[in-house]
Amino acid sequence: MLKIILTILLFGCTSTLFAKSLNSIEGFAPSYVGKKVAIFEIDDYMSMLTTKVATAEVKADSTFELNFFNDRTRKYKIEIGQNHFHVYTQPDGKYKLYVKESSPYLDKNATGIEVEFFFIDLDSTDINYKILMFEDASLNFLKRNYNHEAKNSTQFVEQLDTFKTEVHNFYKEDTSTFFRKYVRFAIASLDNLAFSGGRNKFEKYDFYIKPETVWYQNDRYMEYVLKYYENYASEISSELNESFYQGVIKSSPTMVINSLGADYALDNIRLREMIMIKMLSDVFYTGDYPQTNILTMLDSISNNGLFEENQKIASNIKYRLLDLVPGVKMPNFRLDVKGESKSKDDYKGQHLYIQFIKEGSSKSENDIELIRPLYDKYMRYTEMLTIVVTDDEEILNDPSAYIKKYKMGWETSFIRSDDEILEKLNVKTYPHYILMDAAGYVVAAPALSPRPNNEYETIEKALHGIHKQRERMEK
């Protein structure tokens, strides 16, 4: 009997495993040999937080392969080296693509950018093919018909209506719900262009938003809806705005969601709860609403929200609002600093200026020498810490030659490019700087660089101010 039960359980687990759709992406990236590649799900389109689902490395022959489970059509972000790009995938999708070095419009050494790529042998039934063809048709329509004269002529309304009808007729039999909604809200965004005779805001709600459910993972839908409800607390009536304010004062999501039900464009309670989260986020930094109350409300929604998807969004938005903004506590970290394990707490009592650089990047490494005079001048009250990101095993095992080359007499740490501290401190490009105060709170993230920016500002003004203030305190 036990054997039969175990067999049934094993069969059930196996069936569940094989029920999941396996996606694969094979790529060619000659400019990224030896670099890491990672693919991320977009958790939600309000916070834009992501979850890593697969990683690989670009081999010596310039190829890489990513395999991951995916049971729906959705958009993914792919990070390669220090750059990134986006693809759509559908269940059981298999893709081949070629990643270019950079954008033709940018310096080839630029990092942290969205690079160009193209698909190889893309099937015409695939979501990427259909989106590319549709976007191309939309762009051609705008090139032909939308100009300065069109903005002040009702003729464009007729041309747009004709285009909408053609698109509807062409795609009405398409079996992909994701694509049909994508097209619908891409067309809706055309209605947001400035031209005479367009729909007013209530008409747009009635026609585009009201008939729909909430398509959380459709980027075109979310883009349209989030723009429609942008800074919505200032759009609602004065009576509703006062109710919204009182609900925040009482830290009551229930009071807010009930009062917002009186707004014409928030009849759908699923949508209303999501927009309530957005409204709380939008007013967080205005200074007109108590931030602690907003965080309490987001915490309540993340645990007790009416819809699971909104619970996740509330949790992510709370994380975003506290994501290294001035005045919040610096996340804890632990690093090997010249052979000694150190955490955030080891720097209490002094300000800490952190420099993240990429080994091998001249843009990063040229900034190292700019730290030295700052360290000599302000070391009494501000500690300097340079974190070198590298996957060079020789440097990681013995960084002494690197330290000697750049004459780094201050705190230094060497980490791999997948170290969790980079995600925790939101380091995406290099060089990157963070300033933490003596009590462990964020002063600036990103902070100013020691190199002058376009307005000739550097971090030295802040360091000088810290130095003078601490000197006065000690007198």
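About the thresholds
Residues numbered from 1 in each chain as written. Predicted model: local features only at pLDDT ≥ 70, side-chain atom pairs only at ≥ 80, totals over all residues. Heavy atoms only, no water. Helix = DSSP H or I, 4+ residues; strand = E, 2+ residues; numbered from the N terminus. Buried < 20%, exposed > 50% of the residue type's maximum accessible area, 1.4 Å probe, protein only. Contact = heavy atoms within 4.5 Å. pLDDT = per-residue confidence, 0-100. Polar contact = N/O pair within 3.5 Å; in protein donor to acceptor, adjacent residues only side chain to side chain. Expected span 1.5 Å × (residues − 1). Arc of directions from axis to C-beta. Pairing = 2+ DSSP bridges. Axes fitted to C-alpha atoms, helices over the stretch in contact; angles between N-to-C directions. 1 Å grid on protein atoms, 1.4 Å probe; cavity = no way out; pocket = protein on both sides within 12 Å on 5 of 7 lines; lining within 4 Å. Points joined across faces, edges and corners; volume = space filled by probe spheres on them. Core = buried A, V, L, I, M, F, W, Y, C linked by side-chain atoms within 4.5 Å. Phe/Tyr/Trp six-rings, centres within 6.5 Å; stacked < 30°, edge-to-face > 60°. Lys NZ or Arg CZ within 6 Å of the ring centre and 35° of its normal.

Looking at the overall build of the protein
Counting its regular elements, the protein contains 18 helices and 15 strands. Its C-alpha atoms put the protein at 75 × 70 × 60 Å along the principal axes. Out of the 475 residues belonging to the protein, those deemed buried represent 46%. Residue pairs in contact within the protein that sit at least 24 positions apart in sequence constitute 65% of those at least 6 positions apart.

Comments concerning the confidence of the model for the protein
It should be kept in mind that the predicted coordinates are not to be read in detail where pLDDT is low. Of all residues in the protein, 93% have pLDDT values of 70 or greater, and the mean over the chain is 90. Mean pLDDT across the elements of the protein ranges from a minimum in helix α1 (residues 2–19), with 44, to a maximum in helix α9 (residues 253–260), with 98. Here residues 1–18 scores under 50 on pLDDT; set against residues more than four positions off or in separate chains, the count is one contact.

Quick word on the side chain of K342
For K342, the location among the structural elements is in strand β10 (residues 340–343). By relative accessible area, which is 15% here, K342 ends up buried. Polar contacts involving the side chain of K342 include one to the side chain of E411, which spans 2.7 Å. Sequence-distant contacts of K342, that is, excluding residues within four places in its chain, are made with F333, R334, L335, V337, Y347 and E411.

Some details on helix α8 (residues 238–249)
Across its twelve residues, α8 extends 16 Å between first and last C-alpha, which sits within 8% of the 16 Å expected from 1.5 Å per residue. Of all the residues in α8, the buried ones are L240, F244, G247 and V248. Along the long axis of α8, the arc covered by the buried residues comes to 100 degrees, so they all point the same way. Residues of α8 that are exposed and angled more than 90 degrees away from the buried face: S238 and E239.

Considering the environment of T292
Summarising the element assignment, T292 is placed in helix α11 (residues 291–304). With 198 residues separating them along the chain, T292 and K94 place their C-alpha atoms 47 Å apart.

Observations concerning the sheet that holds strand β4 (residues 63–69)
Pairing within the open sheet is mixed, and its four strands lie in the order β4-β1-β7-β8. Of all strands in the sheet, those bounded by a partner on one side alone are β4 and β8 (117–119). When the angles between neighbouring strand axes are averaged without regard to direction, this sheet yields 25 degrees. Both strand β1 (residues 22–28) and strand β7 (residues 94–99) contribute to a ladder of five bridges, which runs parallel. Within β7, the position partnered with G27 by the bridge is L97.

What about unusual backbone geometry?
With an omega dihedral of -10 degrees, the bond running from Y430 to P431 counts as a cis peptide bond. Examined against the element boundaries, P431 turns out to sit in the loop between α17 (420–424) and β14 (432–436). That bond from A445 to P446 is cis: its omega, 0 degrees, falls within 30 degrees of zero. Here P446 shows up in the loop between β15 (442–444) and α18 (460–474). For M48, which is not glycine, the phi dihedral falls at a positive 60 degrees. Tracing the chain through its elements places M48 in the loop between β2 (36–42) and β3 (50–57). Look at M48 and you get partly exposed, because its relative accessible area is 38%.

Section: α9
All of the buried residues in α9 are P253, V256, I257, S259 and L260. Buried positions in α9, seen along its axis, are confined to an arc of 165 degrees and lie on one side of it. Opposite its buried face, α9 presents the exposed residues T254 and N258, each directed more than 90 degrees away. Those residues of α9 that are buried lie in contact with α8, α10 (269–283) and α11.

As for the layout of surface pockets
The space that makes up the second largest pocket amounts to roughly 460 Å³. Lining the second largest pocket we find 20 residues, and of these R72, R74, Y216, Q217 and E309 sit closest to its centre. Of all the secondary structure elements, the ones that give two or more residues to the lining of the second largest pocket are β2, α5 (177–190) and α12 (308–321). Broken down by element, the lining of the second largest pocket gets its largest block of residues, four residues, from α12.

Side note on the nonpolar core
Soluble, globular proteins show a tendency: their nonpolar side chains are buried together. Core analysis: the biggest nonpolar cluster contains 89 residues, and I25, F64, Y229 and M274 have the highest contact counts within it. Among the elements that take part in this core, α5 stands out by supplying nine residues, more than any other. With residues near it in sequence (within four places) discarded, F64 still touches I25, E26, G27, F28, A29, V37, E57, V58, I80, L97 and V99. Y381, I395, Y433 and I466 belong to the second largest nonpolar core, which has 24 residues in total.

Quick word on the sheet that holds β2
With antiparallel pairing, the four strands of this open sheet are ordered in space as β3-β2-β5-β6. Two strands lie at the open edges of the sheet, namely β3 and β6 (83–89), each paired on one side alone. Shown here is a sheet whose adjacent strand axes are inclined to one another by a mean of 25 degrees, direction ignored. The pairing of β2 with strand β5 (residues 74–80) spans five bridges and is classified as antiparallel. Within the sheet, the bridge partner assigned to E41 lies in β5 and is Y76.

A word on the side chain of H351
Structurally, the position occupied by H351 is in strand β11 (residues 351–358). Here H351 is in contact with Y381, T382, E383, M436, D437, A438, V443 and I466, once residues within four sequence places are set aside.

What about the packing of aromatic side chains?
Each aromatic ring pair is characterised by the separation of its centres together with the angle its planes make. Scanning the model with the defined rule gives 29 aromatic pairs in all. Seen in terms of ring centroids, F185 and Y221 are 5.0 Å apart; in terms of plane orientation they differ by 90 degrees. Their pairing is edge-to-face. Highlighted residues: F185 in helix α5 and Y221 in helix α7 (residues 219–228), separated in sequence by 36 residues. For the residue pair F185 and Y221, the accessibility class agrees, reading buried in each case. Between Y402 and F414 the ring centres are 5.5 Å apart and the planes differ by 90 degrees, which places this aromatic pair in the edge-to-face class. Of the two residues, Y402 sits in helix α16 (residues 400–405) while F414 sits in strand β13 (residues 411–415), which places them twelve residues apart along the sequence. By relative accessible area, F414 is classed as buried at 14%. What links up through ring pairs into an aromatic cluster is the set Y88, F134, F170, Y171, F178, F179 and Y182. The ring of F207 carries R184 above its face, with NZ or CZ at 5.5 Å from the centroid.

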